[in-house]
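# Descriptive analysis of the structure
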Amino acid sequence: MDNDKESGKLSNDAEDIENILSIRNLSINNENQFSKKTNNTKRPRPRVFSTELTDCLALDCEFVGTGTDGKEHMLARVSIVNERGEVVLDSYVKPQKAVKDYRTEISGIRPELMELGQEFSSVRETVKLLIHGRVLVGHALKNDMLVLNLRHPRNMTRDTARYNPIARKIRALGTPSLKNLARLILGEEIQNGIHDSVQDATATMKIYQIFKDEWEKSQRKTGRICR
């Protein structure tokens, strides 16, 4: 990157992301996809669709099982949508270690999807850049952030599994499932069989939008996530 770019103020998100990616040996190709520079054209690249990076993004991941009993979680797919439910990112991830259980009946993940996926480091970096400085919405986000090995500021996180007014709305005892929230609040049926991270991210964004005014008001009062 030249000195002019380093010292000049970037005019929009696209320029900002493109410059940061160039620093990290990443690029945006003509189809608006983030990618590590590589000569392997057969390998799909983490795709960032031509949609607006709104101030709020929703994220959801699919996991596979690792470890001796297959109970440990490993990232297999990550999806991000914007405030209008438009897909910003949807990428499968290459295995970082041996997979004991693909959990296909729930996750929809198959070996060939992961093998044709992206390197974890590339996907993680892309997600990190996309969510930086933005409100991040999700359901049980702690699990997603753990497998991504990322942190996000608490005051910029909106977790539909941990916001009490949402649970009270459906009279949930304990932590409500996203499936129940979608059915009772949105009137939508999701997760009937195989889960879809795009669908789940979209559902969390819709739920957040319904509670947004109250949620953000409480956020301004407390300076932290309302529980």
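Parameters at a glance
- Residues numbered from 1 in each chain as written.
- Predicted model: local features only at pLDDT ≥ 70, side-chain atom pairs only at ≥ 80, totals over all residues.
- Heavy atoms only, no water.
- Buried < 20%, exposed > 50% of the residue type's maximum accessible area, 1.4 Å probe, protein only.
- Helix = DSSP H or I, 4+ residues; strand = E, 2+ residues; numbered from the N terminus.
- Pairing = 2+ DSSP bridges.
- Arc of directions from axis to C-beta.
- Contact = heavy atoms within 4.5 Å.
- Core = buried A, V, L, I, M, F, W, Y, C linked by side-chain atoms within 4.5 Å.

Now for the pairing of strand β7 (residues 135-138). On β7, burial covers both faces: Val-135 and Val-137 on one face and Leu-136 and Gly-138 on the other are all buried. Looking at chain direction, strand β4 (residues 56-66) and β7 are connected through three bridges and run parallel. Paired with Ala-58 across the bridge in β7 is Val-137. One ladder, built from three bridges, connects β7 with strand β8 (residues 157-159); its direction is parallel. By the bridge assignment for β8, Leu-136 is matched with Thr-157.

Turning to helix α6 (residues 141-148), its buried residues are Leu-141, Asp-144, Met-145, Val-147 and Leu-148. The buried residues of α6 occupy an angular sector of 165 degrees when projected down its axis, which confines them to one face. Exposed positions of α6 whose direction lies more than 90 degrees from the buried face are Lys-142 and Leu-146. Summarising the contacts, the buried residues of α6 are in contact with β4, β5 (72-81), α5 (120-131), β7 and β8. In the stretch just after α6, Asn-149 is the one whose phi turns positive, near 60 degrees.

Let's shift gears to the nonpolar core. In this structure, Leu-59, Leu-75, Val-78, Ile-80, Val-127, Leu-130 and Leu-148 are the most contacted members of the largest nonpolar core, which totals 23 residues. Listed by contribution, the elements that provide at least two residues to this core are β4, β5, β6 (87-92), α5 and α6. Per-element accounting of this core gives the leading share, five residues, to α5. Among residues more than four places away in sequence, those in contact with Ile-80 are Leu-57, Ala-58, Leu-59, Glu-86, Val-87, Val-88, Leu-89, Val-127, Leu-130 and Ile-131.

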